[in-house]
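Architecture and fold: a report
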Amino acid sequence: MPVTIVGVRRDAGWHCAREDTDDARDETMRVTRRRRWSVVAACGAMVFAAVITAGTGGAVADPTTDRRGGQTSAQQQRDLSTSALQGVLHTADPTLVGTSVREAHRTLTDRATRAPGAQGSASVVFDAGRTSGELAGFVADHGVELYAVEVKVPAAGQVHTMWFNDVARVGGSTAEKVDRLTGSARLRYFQQAESAPAARRSGLRELAEGDYRVYRAEVVGTNSRLAALVGSSGVRAVLPDSGDAKVTDLREAKAEAKAVESAVPATEVRLETGVSAPTRQGERVITNTGQSCSWKSSGVLACSPGERRAVSGEAAVDNALPRTADSMVAGSTGSSPSQGRAARDDSSVWTGCNNAADNQACPNDHTYRPHPDTGGYQDFGVSIANYAANTVIYLCYAEWVPDPWSEGGTEGYWQVYCYPYAVVTSAFTYGAAQWDSRWGTQQTTIAAAQTSRPISTLGYKFVDGLQPCVVQQFLATAECSRALPNSVWVPRTGMEDELLMGNPACSPTPILGRSGTAEDRNKGCFYPSYAASTLPAPFLDTTFGDGQAYNLAIGSSSPASLVEGRTYSSYAEFWAYGNNNMIGQTAHHSVAVDSRVTEAAICVAQGNVDPFCYFPVDSSRVSPIRPFV
C-alpha cells in the first residue's frame, strides 16, 4: 500500500518505536511484528514520522480510554454546550440567554405558520456534543441540510473551539464531511507537534488525538422543518438567521461540489514522506499526485492539473503559520515582560480616562487589553498568497484506522488523505492568520474594596468600589458616558480579539458594506473557511456592515472568565475570489471591549435578541502596524 505511517499496537502485538539520536532530525524507525495483522503502515517511509501514531513508546492503553485520548464527560459536554450557546448569543448573562432563546423559538413558530415551505437557516445548539455519525443521523431524521459546524475539544487544560464554514464544499456523506474537516484540524496539530518545542509537543498531540464533537450546527431547511427542531431530543436551542444568505450559499456550494466530481476523479490522494535523507525542519514531500502541488495552508493542498509532472515529490513548507515563496506576510512580536514588572503595583496605568490631561475615553485601555505595561503579551502573523485560475484544492486530513483485532477499536494508527473539494476556475486569494493574547498579572490595590486585582481585566470583572461605565449609544457604536471620569467596569461586557488588515480587491456593497456571509467572496472580500480559538465562550464575529478592510475578529462572550497570565491563541484561514496585491497594505492586532446596546437599530429590528445588540465601547491597538512584505 503506498501510504506509509507509524502504527502502534499498545498490547505489544507490534509497534513502531522512535530511536532518538543527537540530531533530532535523524530518526530511525523499526517495526516488530508479533501477531498476524497486516501491517499497512511499514515504518520505512512515514507520513509525518513519529507524530501520527496511536500512542507513544508502545505503552499499554487503558481499556477505558478512547483511542484518541479520552472521552469528554457528560458534565463537561453540558458545560461546553453552555459555552456554545453563550458564544452564538454573545452573552453569558443567563437571563438574556433565556430571553433570547424564547424569542428565537417564537420567531421560528411564526415563520412556519406564515410560510411553512419557504427555505431558511438556523443554528442548532445541542445538549451534548455530537459525533459525526450522530450528527448525520440528526440531519437525516429531520430533513435538513448541514451548512456549518462548531466543534469543541478539551485538551491540555484548555477548550479549543473550531468553526468549519465550508461543509458543503467537501465531498462525501454528512459524516464523512465532518470527519474530513475535523481531520484537517487534527493533521494541522500533528504537524505542529512535530516541529514544536519539547514542552508543547504533548499538548499539541493530545489536541490532535482529542475528542472532537459538534456542539452547534448551522442547518438549512424549510421553515416548518426548522420549527420542528425545537424540543427535539438532545436539542437545547434553535436560533433562526435573518435573511436567506446561507440558503443561497449552500445552493452555490453544492453546485461547485458537483463541478469537482465531474472535473476531478473523486479519489483520495495519499501522501508519504521521502524514504532516505531527512528534510529540513518543517518540510514535507508530496507524492502520488502527478501534479504540481503546494501547501496552501497547513491542511490544504493546491494542485494545478495543467502542469502535470511525474510522481516524484514536491517540497512543501509546513510551519505554524503556512507560507510559500510567493506569500505576502505581515506580523509583529511583542516581547514578554520581566516577572518583576508583572508583579508591580501601579494604579496610575489605569486612571485618567475622560480626563483632559489623559485625552482618552473610558475605560482606560490598560483595563481590557493584553499589553506589556500590565504584564501582558501579544503576537500575530498573517500570510496571504494569490493563486491562478483552474486550481484544484485538496483537503488533507488525518483519519483513524482501527486495528480490527483490538477490543472496541481502541488500537490502530492514523492515516493521511487529501480529498479534492474545489476546482477554482477563477483566480483567488487564500490567507491564514494566527494571533496570541495574554492578559497581564500586574495588580493594583482597590482601596474602597480593600483588595487587589489584575489591572488588565478590570474592564471585564466587576469589583465593588470601582465606578461602572454608563453605556451610551452613538449611531452604530457605543461609549462610556464622558460625564463620568475614571469609570472602569463595563456592564454586560463582551470582548473582541481581532486582526485588521487590507483587502484591496474587496468591493463591498455601497453604504451597506459586507454581508458577513460567504457571499462576500464573490465580491473579492475575505471570508473565513476555518477558525479556532481557546478564548472562553468564543464566537467568530461577523463582518456585517464592514467596509473594504478586513476585520478578522474572534470574541468572547465571557471575558470575565479570562485567566490572567494564560496565553489564548486564535487561528483562521480565509479566502476570496480575485487576487490581492498586499504589498503596501498593513495589518495590526487590536482588542475591543463590548457592551449590550438595546437602542441600536439592528437590535430593535431583531426584537432585542442577542447577538445583534452588542457593540464596541472602546478599542485599542495592541501591536505595531506592520506592512505586508
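The residue count restarts for each chain, going from 1 along the sequence in the order it is written. Residues qualify for local features only when their pLDDT is at least 70, as the model is predicted, and side-chain atom pairs are given and counted only at 80 or more; totals for whole chains, interfaces and linings, by contrast, use all residues. Side-chain calculation: all heavy atoms of the structure are included, whereas hydrogens and water are not.

**Focus on the overall build of the protein**
- For the purposes of this entry, the term helix denotes a DSSP run of H or I that reaches at least four residues, the term strand denotes a run of E that reaches at least two, and both are numbered from the N terminus. Counting secondary structure elements, the protein contains nine helices and 30 strands.
- Going through the 629 residues of the protein one by one, you find that 55% of them count as buried.
- The contact definition used throughout considers only heavy atoms, calling two residues in contact when any of these lie within 4.5 Å. Put simply, of all contacts in the protein between residues at least 6 apart along the chain, 75% involve residues at least 24 apart.
- Each accessible area is a Shrake-Rupley estimate made with a 1.4 Å probe; only the visible protein chains count as cover when residues are assessed. Accessible surface, the protein as shown: approximately 25,200 Å² in total, 50% of it carbon and sulfur. Only protein chains enter the accessibility calculation, which uses a 1.4 Å probe; a residue whose area is less than 20% of its type maximum is buried, one above 50% is exposed, and one in between is partly exposed.

**Comments concerning the packing of aromatic side chains**
- Stacked, edge-to-face and tilted are the three classes for Phe, Tyr and Trp ring pairs, Trp counted by its six-membered ring, which pair at centre distances within 6.5 Å; planes under 30 degrees apart are stacked, over 60 edge-to-face, the rest tilted. In total, this model carries twelve aromatic pairs according to the counting rule given.
- With 5.1 Å between their ring centres and 90° between their planes, F126 and F138 make a pair best called edge-to-face. Here F138 lies in helix 3 (residues 132–142) and F126 lies in strand 4 (residues 119–130), a separation of twelve residues in the sequence. The residues F126 and F138 share a single accessibility class, namely buried.

**Details of the environment of L207**
- You can see L207 is positioned in helix 5 (residues 198–208).
- Residue classification places L207 among the buried residues on the basis of a relative accessible area of 2%.
- When the C-alpha positions of L207 and A185 are compared, they lie 9.4 Å apart, and in sequence the two are 22 residues distant.
- Each residue touching L207, except ones within four places of it in the same chain, is listed here: V153, A155, H160, M162, Y189 and Y212.

**Focus on the environment of N364**
- For N364, the location among the structural elements is in the loop between helix 8 (339–342) and strand 15 (377–387).
- Taking relative accessible area as the criterion, N364 reaches 4% and is therefore assigned buried.
- Along the backbone, N364 and S619 are 255 residues apart, and their C-alpha atoms lie at a distance of 9.8 Å.
- Not counting chain neighbours up to four residues away, the residues in contact with N364 comprise V349, W350, T351 and C353.

**Some details on the pairing of strand 27 (residues 567–577)**
- A large share of strand 27 lies buried, amounting to nine of its eleven residues.
- A strand pair is defined by DSSP finding two or more bridges across the two strands. Bridge count for strand 18 (residues 428–438) against strand 27 is eleven bridges, and the pairing is antiparallel. Bridge pairing in strand 27 links G431 to F574.
- Here strand 24 (residues 527–533) runs beside strand 27; their pairing, made up of six bridges, is antiparallel. From the neighbouring strand, Y527 faces strand 27, where its bridge partner is W575.

**Comments concerning the nonpolar core**
- Judged by nonpolar contacts, the single largest core of 51 residues is most densely connected at L135, M162 and Y189.
- Of the residues forming this core, the biggest block, seven residues, is contributed by helix 4 (residues 174–195).
- Apart from the residues within four sequence positions on either side, Y189 is in contact with M162, L204, L207, A208, Y212, Y530 and A532.
- The term nonpolar core refers to a set of buried residues drawn from Ala, Val, Leu, Ile, Met, Phe, Trp, Tyr and Cys, joined through side-chain atoms within 4.5 Å. Counting residues in hydrophobic clusters, the runner-up holds 40 residues, among them C480, A587, V593 and F628.

**Things to note about the pattern of salt bridges**
- By salt bridge we mean one thing: a side-chain nitrogen of Lys or Arg within 4 Å of a carboxyl oxygen of Asp or Glu. Inspection of every chain in the model, using the stated rule, returns 16 salt bridges.
- The shortest N-O distance in the salt bridge between K254 and E145 comes to 2.7 Å. Of the two residues, K254 is situated in helix 7 (residues 245–263) and E145 in strand 5 (residues 145–155); the sequence distance between them amounts to 109 residues.
- Judged by relative accessible area, which is 38%, K254 ranks as partly exposed.
- In this structure, the salt-bridge partner of R216 is E150, at a minimum N-O distance of 2.8 Å. On the criterion of sequence distance, the pair formed by R216 in strand 7 (residues 213–222) and E150 in strand 5 is long-range, its members being 66 residues apart. Comparing R216 with E150, the two get one shared label, buried.
- Taken together, the salt bridges that share partners define one network made up of E150, K152, R216, E218, D241 and K246.

**Re helix 3**
- Among the residues of helix 3, S132, L135, A136, F138 and V139 are the ones counted as buried. Seen from one end, helix 3 has its buried residues packed into an arc of 160°, which puts them on one side. Across from the buried face of helix 3, at angles greater than 90 degrees, the exposed residues are A140 and D141.
- Those residues of helix 3 that are buried are in contact with strand 4, strand 5, helix 4, strand 7 and strand 8 (235–240).
- Just downstream of helix 3 lies G143, where phi reads positive at about 65°. Each direction from the helix axis to a C-beta atom contributes to the arc, which is the arc of those directions.

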